[in-house]
Structures are given as C-alpha cells and as structure tokens.
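Observations on the model geometry
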Amino acid sequence: MGGPRGSVLLQGLCVLLILLEAGSQKTSGCARWCPPKSTCVNATTCRCSPGFISLSREIFSSPLESCDDINECGPPPLVSCGRLADCQNTEGSYHCICSPGYALASGATTFMNESENTCRDVDECSSGKHTCHYSTVCVNTVGSYKCRCRRGWKPKPRFQDKQLNTTCEVPAEMSFPAWTPPPGIKSQKLSHFFERVQELRRDFKPALPQETIQKVIESMDEMLKASGDLEAMDPSERHHMATHFLLGLETVLRTLAKAMPRASFTYRSPLDTELSLMIQEHGDGNVTMGQTHAQMLLNWAVATEPSNSGPTVMGILSIRNMQNLLSNASLELEPEKKEQLKKIHQSPVRGAQLQLLSAVNVVFLSNTNTEKLDSPVTFAFSHLENPQPKKLGTRQELICAFWKGDKNNGHWATMGCQTLGTRNNSTTCQCNHLSSFAILMAHYDIEDQKLSLITKVGLVLSLFCLLLCILTFLLVRPIQGSRTTVHLHLCICLFVGSTIFLVGIENEGDQVGLRCRLVAGLLHYFFLGAFCWMSLEGLELYFLVVRVFRGQGLSKWQLCLIGYGVPLVIVAISAAVKSKGYGYILYCWLNREDGFLWSFLGPVIFIVLCNAVVFVTTVWKLTQKFSEINPDMKKLKKARVLTITAVAQLFVLGSTWVFGLFLFDPESWVLSYTFCILNSLQGLFLFLLHCLLNKKVREEYRRWAGRITGNKYSEFATATSSTSHHQTQAHRPSESGM
C-alpha cells in the first residue's frame, strides 16, 4: 500500500491505539506514576502512606511530588510520651522509651503515648547492670548511679571518686590488727604460731588481703595438727588459750575481710579448714551463706554495723582440728535444761562427758555487738565422718553448744541456743547470739541417788569392818606371824583408800585442780598397794607349801619394801609420763583418755593372774603331799585352810575389780549395782574371812567379851586355848592357826 491511502491508514491505527490506552486507564482508575510510600487514589491522584506526607499534604496529583517521613517527635512534637520518657522517630512511625536510668514497670521496652507511661528509676547496683570497677562500690542515684571507693580505700592517680569510671586502691596505711599470745602461757607451738603471725603482720600488703588470710589459716592448721605441748598444758590454761585464740582469729578475719575487693571469697585448706566470706554494701531481708561444714541464715539488719558505714562482712570459719585444744572442757547447761533432765531421769545431772561431732565454726559479722541479737540466726552444721552411734542411749543427746570464754578459762554452754533437729548427718540449730559453735554428743552423768546411798552405806560399813580387822591383827597375839602382817597392811591400804574415796572422789568445780589430782594419785597408790599385799600373801603360800622345807620366807622389812615400794614406783612413773592423767571433770580418779587407766588395771590384772597361778600350783602340791605315804596331816590341813582363805580373798578383791573391766555399758543398772555392792563391802568380806571364820580370833573375842561382861567361863576357855596355842607356837613360832 502506497500513496495517500497508506498514510491515512497509519494515522487511523495510531488513533485506535490511543483510544484503546485511554479506555484501559478509565477501566483501572489508578495513576501509574504514584511515588514510593504512597498508593493511588484514582487515575489522576495519589495518597501518602501513614507516617509520610507530600508538599500537598496527604493527597496529591502532581507526578513531581514525593512522600517524605513525618517526624512525630518534632520539633515541634506531635505526640506526648510523658515524664521520664523520650520520643524516638522511626520511618513511617515512632515510639516512646524511658529515659536512661529508668524502665517500664511492665518490663517492656517501648510504648506509644503518655497513658502507657510507667517509667520508674532502675537500681543498677542491685540488678548488676552497672559497670563499676571491683575496687569500688556502686551507689544508686535517681536515674543513674555512681561508683565510690570502698571504705578505707582511695582513688588511683588520675581518677576521681564517685564517677562511673572510678578505680580505687588500698591505702598503704591499712594495717594487720595486733594479735599477741595470752600472757602467762608457755608453749613452743603457740610461740611459733604467733611468731609467724608477726611475720605476716610485718609483711602485710593491703592490696593482697586474701593471700594473708590463707597464710593465717595454714599457720593455724600447722599448730593444731601436731598440738604437742598444748596437750600437756593444764586444761584451764589450755581452755583460756583457746578462748584468746578464737577471739583473736575472729578479729583478724573480720578486719582483713573488709579489705577484700570481691563480694565473696571461699578458701579450703589442705587440712579441710574452710573459710567463707560475704562482703556486701547494701542488702535487705534474709541472707543465706555457707560452705561444706556449715550454713547460716540471718537477717541482713543483724549483720550490719549500727553506724551502717562501709561494707557489711559475714563469715564462717570451720576448723576440724580443735579436738585436742578443747578436750576435757565442761558443759554449762541452762537451768531449764537441768530441770528437764532431772524429771526425765528422776535424778539430778552432775555433769556430762562431751564428744565433738562437728567442726568448730567461728561465726563473725561486721556487727560486733552480737551478744543479744534482735532476730535469731539459724545454722545447719554438718557432722564429721560417722562419729555418732546409730541409736542414742537414754543418757546421750546431740546438743548445739557454743564456746563461752571468761577471764581465765573457757567452757561449752547452751544458753540462747536450741537444737531444732538432726537429719542426713547434719544438725540444725537456732541461736540468739554469735560465737564459736559446734555439735556435741553429751553423755550425761546422772546421779543415781539409790546407788549413791548404797555406796556410802557400804563404804561406812566396810571402813568399820576394816578398822576391826586392823585392831584384831594388832592386838590378837595368837595369830601373829608373817601372814598376819600381810593381812594387816592389806587392810590398812584398803582403809586409807576407801576413806579417801568416800571423802574426795567427786571433783569440785568445772576444772581439775591440784586437790583432785592429789586425791586421784593417793587412790591409785593405796589401791595398788592393796593388790601388792594380796600378791605377797600368794608368795607366802608358795613358801609355806611349795618351799616348806627351804626357809621361812620373806622378812617383815622385805614385805613392806615390796608392798609399799612397788606401788610407789608405778605411781611415780605414771605421774612422770602423764601427770594430767590424774583426775578428770567428774571424778578424782584416773583419766580414761589415752589408756591412762591401764596404769592401774594392768598391774591389777597381772597380780590376779600371778596369784591364780600360785594358787593352782599350791593346790597341786597339796594334792601331791596328801598322797604321800606319811604326810604331816596337821601341817597339810593348815596349809589347805590357808589356801582356801587366800583363794576366797582373791575372789573377793580381784574378781570385783576385774568385774569392773566388763562394765562397758554404764546404763546397765544390773552391772552398776553389782559392781558397787561388791566394791563397797570388801571390808566386810575380809572381816568374815580373817576374823570371824578364824577359831583363834573367835576365842580371843570371847576372852575380851568375858572381861567386859565378867563371864569367868569365857575367861577360862580362852586361857585354856591360849595355853594350847603357846605350846604350838613353841613348836613353830611363825605359823598362824585357824
């Protein structure tokens, strides 16, 4: 197609296309030129999205305009966020946030208007959101916080106090507190320990208090591990030293803890001594702290110093090796507790033997006025490895006790503390004061009034009979001889020993004094003397029967040398080895610790066994002599009677004390009463054996009775017997008849 006709067709096609395009726009009704952040309204106008605006405001028709973000936060602000809040614009929107140092009560981070505003101050110090250096203490302020130096510390050079970047250091003048040994106590172990303390005090570096604390604990462990001469000290001196030691240790640890840069510190030594410290500037409500051996629950107000200046220190030091230092300490019970025990056992409590079941726990706070706390402190103390029996006896009890010191001594006490219960090898206590605490197994010594009455009546009767025996052996001439000498001194030893026992066996006071040690030493000597004289009787029988044709036996001075010399040697050696073994808290007798009681039981068992061998040999020899062709019947019968008497005496004296060896359970009233009766009536048994069962003694008694009553028949019978006796004596002067 060419020419004019073709041109017309081309123009018509263009018009058709334009009409088709116009028809399409009319059909959709939206302009294609709307800019970003907008939407079309119709074919000729556009609307900006929420949060955006154009020069023509919200709706515009010019393709040259654009939609820009609306700044709702201003200026001028289009919205109100309220107090303590700031508006932050975002693309197409906005939100409100709390000002720095504040936060919404709901915990949310943003809100949209003033009605949703719950902004309040944030305590960055308690929440841990601060950036203070460890050498400073965080102090909260309204909307912010400050970092100030710890009490006694000072800012480092180029730093200022109470700034967010404050850094501090310990001043060189902060010192190790003075700690000196108690006056009047001499101990190499103690002197060595305090020499080490003085070295630590001299070399103390305020910037390293934790190292000094560790060295103090290690030095203490070294002293207590091998206590050496501390054990040999008198208990009163040792307990006085323990009081001084615990108070000084508490002061040193409290002072050094205030120089600690960290909020908590725990140290456990190789010997299992454990220290736990908690240092805080502020606190509220109940606080719990603890370690392996002990846990403590107390109110924060109890720990804070009254002046409320500086950080608050709480500490527990658990020492496992205090047993030797605190051994033989007495127990002071509350009057109410004594009455309770008296009602339970129907007898008063005279004292208690104590066994340490836990570590000794030294508890200390910044507050030094802890004798009477406003609110009680609860403790849970762990027991040592399997120390207590599975089932407690009727006279045993687990108690929570504290170490109570006085001017010249120290002892355990229970005032102000109550035991709440024991579970899973741990005992819970509650106390209204602070000190050094421990869990004790108390073995109460209950005074059995019936048993005490039986003992006293039996001893009085025994003393009367022993006195009759002594007078008989001195005044009755027909029985004079070596065996009578043995019996005389045997009764003298028992008489003196029983008298001392009756008068002075009970210890007066809570400590073992010189009087008690002297009483224990005399009892040891005279009771051993009684057994030595009993062994000499066995020796006399040996000479009489076994060596009857080889001499007359020992002379009187030889008998006295053995009877009184051997016990003296044993007592002297025992006193030289361990003089502290004489006397303990309850009674003036040999201390059962470290086997010292065997200084009496050992010789007694040896003598009894030797006598038993002698008597068996004697009986065997008598049997042989009775079987001879021409036995001397008179002499053999006499020897038989003497042997029977000696065996009976051995049974009465020896078996009584040997019976006491099996008295392992003091709560068995059958064993206790049997041993008490046998022991207190020894004098009566001897009077029956050697006086009333002796024919010559009975005749002498009749003669004495005749003189008193004027009975001539008695005098004649006695005289006749005396004449017969003198004839016998002329034949054998050294023999005593039955």
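For the structure itself, consult the block above.
One structure accompanies this document, and this report is about it. The structure presented is a predicted model; accordingly, all values stated were derived computationally and were not measured. (Residues numbered from 1 in each chain as written. Predicted model: local features only at pLDDT ≥ 70, side-chain atom pairs only at ≥ 80, totals over all residues. Heavy atoms only, no water.)

Description of the overall build of the protein
Note the threshold: Only DSSP runs of H or I reaching four residues or more are called helices, and only runs of E reaching two or more are called strands; each is numbered from the N terminus. Relative accessible area decides the class of each residue, using a 1.4 Å probe on protein chains only: under 20% of the type maximum gives buried, over 50% gives exposed, and in between gives partly exposed. Note on definitions: a residue-residue contact is assigned when non-hydrogen atoms from the two residues lie within 4.5 Å. Accessibility throughout is a Shrake-Rupley quantity obtained with a 1.4 Å probe, and a residue counts as covered only by protein chains that appear here.
On a plain count of helices and strands, the protein comes out with 18 helices and 27 strands. Counting the 738 residues in the protein, one finds 45% classified as buried. Taking the contacts inside the protein whose residues are at least 6 apart along the sequence as the reference set, 63% of them involve residues at least 24 apart. Accessible area of the protein: about 38800 Å², with a carbon and sulfur share of 58%.

Focus on the sheet that holds strand 25 (residues 417-423)
Threshold: The rule for pairing is simple: two strands pair if DSSP sees at least two bridges between them. Note on geometry: axes are C-alpha line fits, over the in-contact stretch for helices, and angles between N-to-C directions span 0 to 180 degrees.
Read from one edge to the other, the open sheet built from 5 strands follows the order 16-17-22-26-25, with strand pairing classed as antiparallel. Unpaired on one side and paired on the other, strand 16 (286-290) and strand 25 mark the two borders of the sheet. For this sheet the average axis-to-axis angle between neighbouring strands, irrespective of direction, equals 15 degrees. For strand 16 and strand 17 (residues 294-299), the ladder comprises 5 bridges, and the chain directions are antiparallel. For Thr 288, the partnering residue across the bridge sits in strand 17 and is Leu 297.

Side note on the packing of aromatic side chains
Convention followed: Here a Phe, Tyr or Trp ring, Trp counted by its six-membered ring, pairs with any other such ring whose centre lies within 6.5 Å, and the pair is stacked when the planes are under 30 degrees apart, edge-to-face when over 60, and tilted otherwise.
According to the stated counting rule, one finds 18 aromatic pairs in the structure shown. Ring plane angle 85 degrees and centroid distance 5.2 Å describe the contact between Trp 403 and Trp 412, whose orientation is recorded as edge-to-face. Assessed through its relative accessible area of 3%, Trp 412 is described here as buried. Pairing Phe 527 with Trp 589 gives two aromatic rings, centres 6.4 Å apart and planes at 75 degrees, and the pair type is edge-to-face. On the criterion of sequence distance, the pair formed by Phe 527 in helix 11 (residues 514-546) and Trp 589 in the loop between helix 12 (556-577) and helix 13 (598-626) is long-range, its members being 62 residues apart. For the pair Phe 527 and Trp 589, one class covers both residues: buried.

Some points on the sheet that holds strand 4 (residues 59-60)
The antiparallel open sheet is built from 3 strands, whose spatial order is 1-2-4. A single partner strand is all that each edge strand has here, and the edge strands are strand 1 (38-40) and strand 4. In the sheet, strand 2 (residues 46-48) pairs with strand 4 via 2 bridges, with the strands oriented antiparallel. Directly across from Arg 47, in strand 4, lies its bridge partner Ile 59.

Some points on unusual backbone geometry
With omega at 0 degrees, the peptide bond leading from Gly 74 into Pro 75 counts as cis. Here Pro 75 lies in the loop between strand 5 (68-69) and strand 6 (85-90). The residue after Pro 75, namely Pro 76, is reached through a cis peptide bond having omega -10 degrees. Position of Pro 76 among the secondary structure elements: in the loop between strand 5 and strand 6. Positive phi is not limited to glycine here, since Asn 328 has a value of about 60 degrees. For Asn 328, the position within the fold is in the loop between helix 7 (323-326) and strand 19 (331-332).

Note that every value here comes from positions in space, so none of it alone points to a role or purpose.
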